[in-house]
2 protein chains.
Amino acid sequence: MPRFMDVHHGMHGITPEALHAAHQADLDIQAEEGVDFQHAWADPDSGTVWCLSDAPDAGAVQRIHERAGHPPTEVFAVPVEA
Amino acid sequence: MPRFMDVHHGMHGITPEALHAAHQADLDIQAEEGVDFQHAWADPDSGTVWCLSDAPDAGAVQRIHERAGHPPTEVFAVPVEA
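Treat the numbers as computed from the prediction; the structure is a model and nothing was measured.

Caption draft 1: Fine view of the overall build of chain A. Looking only at helices and strands, one finds two helices and five strands in chain A. In chain A, the order of α-helices and β-strands from amino to carboxyl end is β-α-β-β-α-β-β. The C-alpha radius of gyration of chain A comes to 12 Å, within 12% of the 12 Å expected for a compact globule of 82 residues. Judged by the C-alpha coordinates and their principal axes, chain A covers about 35 × 30 × 20 Å. Excluding contacts between residues fewer than 6 apart, the proportion of contacts in chain A whose partners are at least 24 apart in sequence is 67%. For chain A, the accessible surface area stands at approximately 3600 Å², while carbon and sulfur atoms represent 53% of it.

Caption draft 2: Spotlight on the pairing of strand β3 (residues 48-54) of chain A. Residues and elements named next belong to chain A. With seven of seven residues buried, β3 lies mostly within the body of the structure. Of the two faces of β3, the one lined by T48, W50, L52 and D54 and the one lined by V49, C51 and S53 are each fully buried. Pairing of strand β1 (residues 3-8) with β3, which is carried by six bridges, proceeds in the antiparallel orientation. Note that in β3 the partner of M5 across the bridge is L52. Here seven bridges tie strand β2 (residues 36-43) to β3, and the two strands are oriented antiparallel to one another. The residue of β3 that forms the bridge with D36 is D54.

Caption draft 3: View of the interface of chain A and chain B. The interface of chain A with chain B comprises 26 residues on the first partner and 26 residues on the second. A combined buried area of about 2100 Å² lies between chain A and chain B, and 70% of that area is made up of carbon and sulfur atoms. Ranking the residues of chain A by area buried against chain B places W41, V80 and A82 of chain A at the top, with a combined share of 34%. For the pair chain A and chain B, the number of links is zero salt bridges. On the surface where chain A and chain B come into contact, there are 10 residue pairs in polar contact (both at pLDDT 80 or more). Counting only elements with at least two residues in the side of chain A that touches chain B, the list comes to β1, α1 (16-29), β2, β3, β4 (74-77) and β5 (80-81) of chain A.

Caption draft 4: Fine view of the packing of aromatic side chains. Scanning the model with the defined rule gives three aromatic pairs over all chains in all. When the ring of W41 of chain A is compared with that of W41 of chain B, the centres are 5.5 Å apart and the planes differ by 55°; the resulting orientation is tilted. Of this pair, W41 of chain A sits in strand β2 while W41 of chain B sits in strand β2 (residues 36-43), which puts the two residues in different chains. Neither residue differs from the other here; W41 of chain A and W41 of chain B are each classed as buried.

Caption draft 5: Seen up close, the relation of the copies chain A and chain B. Superposing chain A onto chain B takes a rotation of 180° combined with a translation of 0.0 Å along the rotation axis, leaving an RMSD of 0.0 Å. Seen this way, the second copy is the image of the first under a two-fold rotation axis. Nearest to the rotation axis, the C-alpha of W50 of chain A is located 4.8 Å from it, this being the minimum over chain A. Both copies share a contact surface, since 100% of the interface residues of chain A are interface residues in chain B too.

Caption draft 6: Examining the nonpolar core more closely. Formed by 18 residues in total, the largest nonpolar core has its most connected members in L19, V35, F37, A42, V49 and V61 of chain B. Counting residues per element, the ones that place at least two in this core are α1 (16-29), β2, β3 (48-54) and α2 (58-67) of chain B. Residues contacting V35 of chain B, with those up to four places away along its chain left out, are Q30, S53, D54, A55, P56, A60, V61 and I64 of chain B. Among the nonpolar cores identified, the runner-up in size contains 17 residues, and L19, C51 and V61 of chain A together with A82 of chain B belong to it.

Caption draft 7: Focus on α1 of chain B. Residue and element names in this part refer to chain B. Spanning 14 residues, α1 covers 21 Å between terminal C-alpha atoms, matching the ideal 20 Å at 1.5 Å per step. Considered for burial, the residues of α1 that qualify are L19, A22, H23, D26 and I29. Viewed end-on, α1 has its buried residues packed into an arc of 140°, placing them on one side of the element. With respect to the buried face of α1, the exposed residues turned more than 90 degrees away are E17 and D28.

What counts, and where the lines are drawn
- Residues numbered from 1 in each chain as written.
- Chains lettered and ligands numbered in written order.
- Predicted model: local features only at pLDDT ≥ 70, side-chain atom pairs only at ≥ 80, totals over all residues.
- Heavy atoms only, no water.
- Helix = DSSP H or I, 4+ residues; strand = E, 2+ residues; numbered from the N terminus.
- Rg over C-alpha atoms; globule rule 2.2 N^0.38 Å.
- Contact = heavy atoms within 4.5 Å.
- Areas by Shrake-Rupley, 256 points an atom, 1.4 Å probe, with all protein chains shown as cover.
- Buried < 20%, exposed > 50% of the residue type's maximum accessible area, 1.4 Å probe, protein only.
- Pairing = 2+ DSSP bridges.
- Buried area = accessible area lost by both parts, 1.4 Å probe.
- Salt bridge = Lys/Arg side-chain N within 4 Å of Asp/Glu carboxyl O.
- Polar contact = N/O pair within 3.5 Å; in protein donor to acceptor, adjacent residues only side chain to side chain.
- Phe/Tyr/Trp six-rings, centres within 6.5 Å; stacked < 30°, edge-to-face > 60°.
- Least-squares fit on C-alpha atoms with pLDDT ≥ 70 in both.
- Core = buried A, V, L, I, M, F, W, Y, C linked by side-chain atoms within 4.5 Å.
- Expected span 1.5 Å × (residues − 1).
- Arc of directions from axis to C-beta.

This is how it looks when you write it as structure tokens:
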């Protein structure tokens, strides 16, 4: 399944608790679109959050994040890894 | 040790071979600054590459990438994960 990195902006001061809650909100509904959110990293200073996922397509990532209440700024396919 | 996500732009069309070579160039010298590059993800279409690392500080990540020939556009601390 394709892999994606999505980026959220504007999450200044995000706490561990807030990130865990947001990540859990994704996990709770991700199966409905065949998405598998694997990890999230956050920089509270810049307000940037990155999420790594496997998904059928970028739209599925976008929709799950939107329904969970935190639409991403952008979703990138990452077919190349090292 | 602190964790970092750095972002490179302008790597349009990057191939698996090119990403592996760049990642290896980092691995070859990273110990000199106590950096541990863990993973790299690339989107050849947008030319964006993300690298995850543990390092003493952002400067060490910046210097290793510069010396390896691919300075990052930005280095973010990611003290929060889920």
